[in-house]
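So you can see what is in the structure, the chains are spelled out below.
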Amino acid sequence: MKFGGSLCTLNVGGRKFSFSAELMKRLPLSRLSRLHRCVSESELLELCDDYDHDRNEFFFDRHSEAFSFIMLYLQHGKLRFVPHMCELSFYNEMLYWGLESGDLQPCCQRRLDDRLSDCFVHFFPEEEPRGPEEPENHWLERMRRTFEEPTSSLVAQILASVSMLFVVISMVMLCASTLPDWKTPETLDQHRIIEAVCIGWFTAECIIRFLVSKDKCEFVRRPLNIIDLLAITPYYISVTVTNLTGENSQLQRAGVTLRVLRILRIFWVIKLARHFLGLQTLGLTLRRCYREMMMLLIFVFVAMAIFSALAQLLEHGLDLESGNQAYASIPAASWWVIISMTTVGYGDMYPVTVAGRVLGGLCVVSGIVLLALPITFIYHSFIQCYHELKVRSARCTHSLSAEFIH
């Protein structure tokens, strides 16, 4: 957008905020970033309520005090609720400007989670206004929703149920194929037929979803679609390798490859995430909490490096001849550290010296503390993701009920 001048003014609820055009582009608010990319006044009016070209002023009919707190967050890095303002109203303002609950301070996050739990509501960012759709685009959109959103219509629920049935059948057959009684020629032939039918359904479903998707590149990058490809591709590779080398081939490498590819079909079970809210919540939480997960892994690796080196020294390094041979190397001691920090304790190796046992006690206590530190952040994110997906599912169910009635 070629602004009228180098200085832009945001009029939010009658209160004016001035920015340079370059600064406004760099602000971590998605609405302002999109505003800067507009190329026409009509696009501007889709993001703001009014625009004065002469004064280069953008008007937003939003809460001015809430926006002032958001600006304080951009300046000082701490976002808290406006005093005497409803948490849900302030959160709605955050979503409007492009912020999420993770930007709030931990104390405010707890207040928001409690309020959401009490009210069973959630706000979503405002959707982009849509123009009139052509009949062909409308048909593609209905097809896309049918395959991508299982609760969007009655047909979508039926397709989701059939897909879940095929997933369960394929998992049962995969597990049963490892039983000795199922390795007879008759049962192997039946297993191949059932497996081919399941794979055919998954392949057809994946192809149709790819054809009706809006953005083909975005479709390929989605985690669940990648999992679908990982679950389907090994079947065709194993069939190809079997036809080229033979099922009873003496090429041991090819035989190992086939067994590995067959086991990779266990990824089919992750396809259930499309139909179960719990698995979707887990995936969304892991995606939003990757920083906390990385912090947890760093804590564990640092503790492993310290305790494994000390354990190897106390149990074996001080007496190389009669020392505890289970701790002969630091990598071997690392195994003992990780099962001790996670309080699993298989008992396959344990310290025998007094100093080693004291170190083991410190290792266990440190593991409990380190693993508990990021849990609070992950818990709040899990609650937030659960509310989002639950309300989204409720909206789709309401839409389904209206469609069924009409």
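Each remark here, short or long, concerns the structure printed above.
All values reported here derive from a predicted model rather than from experimental measurement.

Reading the values: the criteria
Residues numbered from 1 in each chain as written. Predicted model: local features only at pLDDT ≥ 70, side-chain atom pairs only at ≥ 80, totals over all residues. Heavy atoms only, no water. Phe/Tyr/Trp six-rings, centres within 6.5 Å; stacked < 30°, edge-to-face > 60°. Buried < 20%, exposed > 50% of the residue type's maximum accessible area, 1.4 Å probe, protein only. Helix = DSSP H or I, 4+ residues; strand = E, 2+ residues; numbered from the N terminus. Core = buried A, V, L, I, M, F, W, Y, C linked by side-chain atoms within 4.5 Å. Contact = heavy atoms within 4.5 Å. Patch = residues over 30% accessible without salt bridge, like charges linked within 9 Å, V, L, I, M, F, W, Y side chains within 5 Å. Areas by Shrake-Rupley, 256 points an atom, 1.4 Å probe, with all protein chains shown as cover. Salt bridge = Lys/Arg side-chain N within 4 Å of Asp/Glu carboxyl O. Axes fitted to C-alpha atoms, helices over the stretch in contact; angles between N-to-C directions. Parallel < 35°, antiparallel > 145°, perpendicular 65-115°, else oblique. Left-handed = near helix turned anticlockwise from the far one by under 90°. Nonpolar A, V, L, I, M, F, W, Y, C, P; charged D, E, K, R; others polar.

A.B. asks: Just checking my understanding: could you explain the packing of aromatic side chains for this structure?
C.D. replies: In total, this model carries 10 aromatic pairs according to the counting rule given. Plain terms: the ring middles of Phe81 and Phe90 are 5.6 Å apart, the flat faces sit at 85 degrees to each other, and that makes the pair edge-to-face. The class for Phe90 is buried, based on a relative accessible area of 0%. Plain terms: the ring middles of Phe166 and Trp201 are 5.3 Å apart, the flat faces sit at 20 degrees to each other, and that makes the pair stacked. Of this pair, Phe166 sits in helix α8 (residues 154-176) while Trp201 sits in helix α9 (residues 185-212), and the two are 35 residues apart along the sequence. Taken together, the ring pairs connect Phe17, Phe60, Phe67, Tyr96 and Trp97 into an aromatic cluster.

A.B. asks: Would you explain the nonpolar core in this entry?
C.D. replies: In a soluble, globular protein the nonpolar side chains are often hidden away together inside. Counting residues in each nonpolar core, the largest one holds 37 residues, and the members touching the most others are Leu10, Leu35, Phe58, Phe60, Phe90 and Trp97. Of all the secondary-structure elements, those providing two or more residues to this core are β1 (7-12), β2 (15-20), α2 (30-36), α3 (41-47), β4 (57-60), α4 (64-76), α5 (87-97) and α6 (106-119). If one sorts the elements of this core by residue count, α5 sits on top with seven residues. The residues touching Phe90, leaving out its near neighbours within four places in the chain, are Ala66, Phe69, Ile70, Leu79, Arg80, Phe81, Val82, Met85 and Leu104. Ala303, Met304, Phe307 and Val337 belong to the second-largest nonpolar core, a separate cluster that totals 13 residues.

A.B. asks: Honestly, a nonpolar patch on the surface in this entry has me stumped. Any pointers?
C.D. replies: Side chains of Ile207, Phe210, Leu211 and Val220 sit close together on the surface and give an oily, nonpolar patch of about 360 Å² of accessible area. For the nonpolar patch, the leading source of residues is α9, giving three residues.

A.B. asks: Where do I start with the packing of helix α15 (residues 330-341) against helix α16 (residues 354-372) in this structure?
C.D. replies: The description of two packed helices rests on the angle between their axes and on the distance between the axes. For the pair α15 and α16, interaxial distance at closest approach is 8 Å and the crossing angle is 55 degrees. Judged on the interaxial angle alone, α16 and α15 are oblique. In terms of crossing hand, the pair formed by α15 and α16 is right-handed. The segment α15 lies against α16, with Trp336, Val337, Ser340 and Met341 engaging Gly360, Cys363, Val364, Gly367, Ile368, Leu370 and Leu371. Split by residue class, the contact of α15 with α16 holds eight nonpolar, three polar and no charged.

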